[in-house]
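Report on the structure
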Amino acid sequence: MIEAVGLTKRYGDKTAVYNLSFQVRPGTVTGFLGPNGSGKSTTMRMILGLDNPTSGQVTIGGFPYRKLPNAPRQVGALLDAKAVHGGRAARNHLLCLAQLSGIPARRVDEVLGVVGLQDVARRRSKGFSLGMGQRLGIAAALLGDPQVLLFDEPVNGLDPEGILWVRNLMKSLAAEGRTVFVSSHLMSEMALTADHLIVIGRGQLLADMSVRDFISANSADFARVRTPDTEPQQREKLSSALTEAGGHVLPEQDGALRVTGLPLPRISDIAHASDVRLWELSPHQASLEEAYMRMTQGAVDYRSTIDQRAGLMQPLPPGYQPPIPVPGQGQPGWYAPPPPQPGGQPFVMPGQPGQVPAGPYGAPAAPAAPGAGGPNPYAQPASEDRAPAGPAAPAQPPASPAPAADLTKPEDAR
Amino acid sequence: MSTPQPPQAPPAWPATPDSRTPGYTSPIPVVRTHLGHAIASEWTKIRSVRSTMWTLGVFVLLVIGIGLGTGALVASSSSDLGGESPLALGFFGLLLGSMCVITLGVLTTASEYGTGMIRTTMTACPSRGRVLAAKAIVFFLVAFVVTLVAASVVALAQASMLENHGARVPTGSEWFKGTVGVSLFIALLGLLSLVIGSIVRHSAGAITIMIGLLLAPLVIALFMFAESLSKVRTGLLEYSIPNQLSVFYSNSLTSSGPTGWDPLWIALGVTAVAFAGAFVLLEKRDV
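Residues numbered from 1 in each chain as written. Chains lettered and ligands numbered in written order. Predicted model: local features only at pLDDT ≥ 70, side-chain atom pairs only at ≥ 80, totals over all residues.

**Describing the overall build of chain B**
We count it as follows: The helix count covers DSSP runs of H or I at least four residues long, the strand count covers runs of E at least two residues long, and both are numbered beginning at the N terminus. Distance between backbone-placed C-beta atoms decides contact: two residues are in contact if it is within 7 Å.
The number of helices and strands found in chain B is ten helices and zero strands. Traced from its N-terminal end to its C-terminal end, chain B shows the element sequence α-α-α-α-α-α-α-α-α-α. The long-range share in chain B, meaning contacts at least 24 apart out of those at least 6 apart in sequence, stands at 80%.

**Comments concerning the environment of G87(A)**
With respect to the secondary-structure elements, G87(A) resides in the loop between β5 (75–78) and α2 (90–100). With 38 residues separating them along the chain, G87(A) and S125(A) place their C-alpha atoms 6.5 Å apart. Those residues within four positions of G87(A) in sequence are excluded, and the remaining contacts are R124(A), K126(A), V49(B), R50(B) and S51(B).

**Section: the sheet that holds strand β10 (residues 222–226) of chain A**
Residues and elements named next belong to chain A. Filter applied, for reference: Any two strands between which DSSP finds at least two bridges are classified as paired. Here, axes are lines fitted to C-alpha atoms. For helices the fit covers the stretch in contact, and angles between N-to-C directions go from 0 to 180 degrees.
Read across the sheet, four strands follow the order β11-β12-β10-β13 without closing on themselves; strand pairing throughout is antiparallel. Looking at strand neighbours, the two that pair on one side only are β11 (248–251) and β13 (280–284), the edges of this open sheet. On average, each strand axis in the sheet is inclined to that of its neighbour by 25 degrees, with strand direction left out of account. Pairing of β11 with strand β12 (residues 257–260) involves four bridges; the strand directions are antiparallel. For P251, the partnering residue across the bridge sits in β12 and is L257. Contacting β10, β11 and β12, helix α8 (residues 232–244) crosses the sheet at an angle of about 150 degrees to β11. Taken strand by strand, helix α9 (residues 264–273) contacts β10, β12 and β13, and its axis lies near 160 degrees from that of β13.

**A few points about the sheet that holds strand β9 (residues 204–210) of chain A**
Residue and element names in this part refer to chain A. Across the sheet, six strands lie side by side as β5-β6-β7-β3-β8-β9; this open sheet has mixed pairing. Only two strands of the sheet have a single partner each, and these edge strands are β5 and β9. Looking at each pair of strands side by side, their axes are set apart by 15 degrees on average, direction ignored. Contacts from helix α4 (residues 130–142) reach β5 and β6 (148–152) within the one sheet, and its direction differs from that of β5 by about 170 degrees.

**Focus on the packing of helix α5 (residues 128–161) of chain B against helix α6 (residues 172–200) of chain B**
Residues and elements named next belong to chain B. For clarity, the cut-off: Put simply, a crossing is left-handed when the front helix is turned counterclockwise from the back one by less than a right angle, and right-handed when it is turned clockwise. The nonpolar class holds Ala, Val, Leu, Ile, Met, Phe, Trp, Tyr, Cys and Pro. Asp, Glu, Lys and Arg form the charged class, and all remaining residues, Gly among them, are polar.
Viewed as axis vectors pointing N to C, α5 and α6 meet at an angle of 145 degrees, and their least axial separation amounts to 8 Å. When you trace α5 past α6, the crossing you get is right-handed. Where α5 abuts α6, its residues L132, K135, A136, F139, F140, A143, F144, T147, L148, A151, S152 and A155 lie against G178, T179, V180, V182, S183, L184, I186, A187, G190, L191, L194 and S198. For the contact of α5 with α6, the class distribution of residues is 16 nonpolar, seven polar and one charged.

**Concerning the interface of chain A and chain B**
How big an interface is tends to be stated in terms of the accessible area lost upon association of its parts. Each side of the interface is counted separately: chain A has 59 residues, and chain B has 45 residues. Contributing elements (two or more residues each) for the side of chain A that touches chain B: β2 (14–24), α2, β9, α7 (211–218) and α10 (288–296) of chain A. The class makeup of the residues in the side of chain A that touches chain B is 26 nonpolar, 20 polar and 13 charged.

**Focus on the environment of R202(A)**
All names here are of chain A. Here is the rule: Exposure classes come from backbone-placed C-beta atoms, where a residue is buried if 20 or more other C-beta atoms lie within 10 Å of its own, exposed if 12 or fewer do, and partly exposed in between.
The residue R202 is located in the loop between β8 (196–201) and β9 in this model. By C-beta crowding, R202 is classed as partly exposed, having 19 other C-beta atoms within 10 Å. Sequence-wise, R202 and H85 are 117 residues apart; in three dimensions their C-alpha atoms are separated by 32 Å.

**Remarks on the nonpolar core**
Most often, soluble globular proteins keep nonpolar side chains buried together rather than apart. Formally: The nonpolar core criterion groups buried Ala, Val, Leu, Ile, Met, Phe, Trp, Tyr and Cys residues into a set whenever they are joined through C-beta atoms within 7 Å.
Formed by 147 residues in total, the largest nonpolar core has its most connected members in L94(A) and A139(A). Of all the elements, α5(B) adds the most residues to this core, at 16 residues. By size, the runner-up hydrophobic cluster in this structure holds twelve residues, among which are V225(A), A256(A), V259(A) and A271(A).

**Some words on the pairing of strand β1 (residues 2–11) of chain A**
Across a regular strand the side chains alternate sides, sitting on one face of the sheet and then on the other. Residues and elements named next belong to chain A. Where β1 meets strand β4 (residues 55–60), five bridges bridge the pair, whose relative direction is antiparallel. Within β4, the position partnered with T8 by the bridge is S55. Examined bridge by bridge, β1 and β2 share seven bridges and lie antiparallel to one another. Bridge assignment links K9 to a residue of β2, and that residue is V17. Following β1, the chain reverses through two residues before pairing antiparallel with β2; G12 in that reversal takes a positive phi of roughly 65 degrees.

**Topic: helix α2 (residues 50–76) of chain B**
Residues and elements named next belong to chain B. Note the following rule: The span one expects for a helix is its residue count, reduced by one, times 1.5 Å.
Spanning 27 residues, α2 covers 38 Å between terminal C-alpha atoms, matching the ideal 39 Å at 1.5 Å per step. The complete set of buried residues in α2 reads T55, L56, F59, L62, V63, I66, G67, G71 and V74. Here the buried face of α2 lies against α3 (91–115) and α5.

What follows is the structure in structure tokens.
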């Protein structure tokens, strides 16, 4: 049981954590989420007594960490896989930690086996890969067989097998009745591992609830409605009719409408009643990732901007079209981009006219696609499901959806 | 679109097991930890890194190599020592070798900050003072024993080499000062480096400070020609570490200044003050 009350930490005039109160209960995996620089690691360090809070306090089982008798036997922590002396062999590293808290040396070999490092136990940890370093850090956390475990980004650098192992380890530790507190920025991982979430942004508590509640509270499921592009007045008509019926209508860049607050059949009925044809009516559900982005968008400290390369570029060759921005670069609200439209405006490399690159820049999915005002794929006869759109576009559409788009795309239910 | 939840007090939980009843109890018995555990841990640490072997290896090579070299040089030349103690020739090797001890002392603490190991250590032992004390004890003993062995080997070799070259037979107290005395002094110098490393928390910075402390007073004194500064100059010379080291061999550069066991008490006082400062800072600062 970890309990924080009014936890505040200031470094000079920068407030890293402000008035944070939460509880981490035994028997569950509690996820700790927040954007970079939101104070996750600072909070972890205060829990472990490494940093002294400016005000407030945090206790483990009723005691501040530094007052715990034989703390490593009650709390195990992976703060930073790099927090080892690289010149020391893995086994000696664990041995010196074991001796510090009076743990028998054979426990060292036990945990080395648990994390799968027994074959490299006598090698210096300097040569370890990121994943091996994480395993060594996890071994150090498990050394004292503690009832409270803290992990800061435990799956960083692990391979898929390692990620699965950590996921199952967390769950089994929690199932044994231990308190497991895991920070991560991998939403999909948290959705699979954690039962409960604590979300902070800019050092303040944003949410403290179960994963299911978190998703439903922070993701508005919506319907995407598309009217014929050729008749913009129909779109206006439907938009006002839907608003009248109590729905919330948001226009999207490509001309579709994002409707919340109305069930799908009702939208269809309204469209029918106002004599508007529909080209699309699809349900969309937000993922944990989207819910998280939505919640923390105002609390992101480090937001990227578009790389302008001002004054550094060669004169553009004739016929060159500016590249489509990659989703997520300096665009507010990128957290919920519309799903890729089939067709769209593929990016054409200047040197190879008529050839679509296979790389991520081929993504036609950018929310701010310059082709938004251009011909819409749906304006083409419906016989082809992916029609060419731009004038320079080839007859063949991109063979596969671009990975860059998929990374940020919400989990669509269609 | 929903708005973020405002910061709030922990929500009221549904009926759950009481927080005071631990959900998991380890089968491994929990022991009360004390300084002995920390000393065992620090001993494992200091013997399991290569820098210990390197710095101490170079130290022993320097002390014994230079000691035997000067001994052989004097023995082969026709010069007469004129009743001087033969132990004095061990001075040069120890002066150079002290830099190795300084480096190891700094690395014992500062390298933990450099690598981030300190966070792991302080998590495993929240009694920070205990960690510093254990480091100091382990390092001091290692430095003292190694210096004592090296200095004794050199002293014995030189005494036997120079027996027939006009050197007088050293008295018992000279033997004691020339072996145990200098070893304590060098080990204290290393301990001061360890403490400075803990305060500065940066290896290169702390080593620079300590080398500066070792050499700067002598170098500065060399350039103080002005008559008005002569007092300062003498003071710097007398209390410079090389001169204090030579006091153990009764061949001080000056006639006044520290004598006998004074350098040891000075080093002890300075180290104790620095240690107290490091202790307070360690308890107060964030790791």
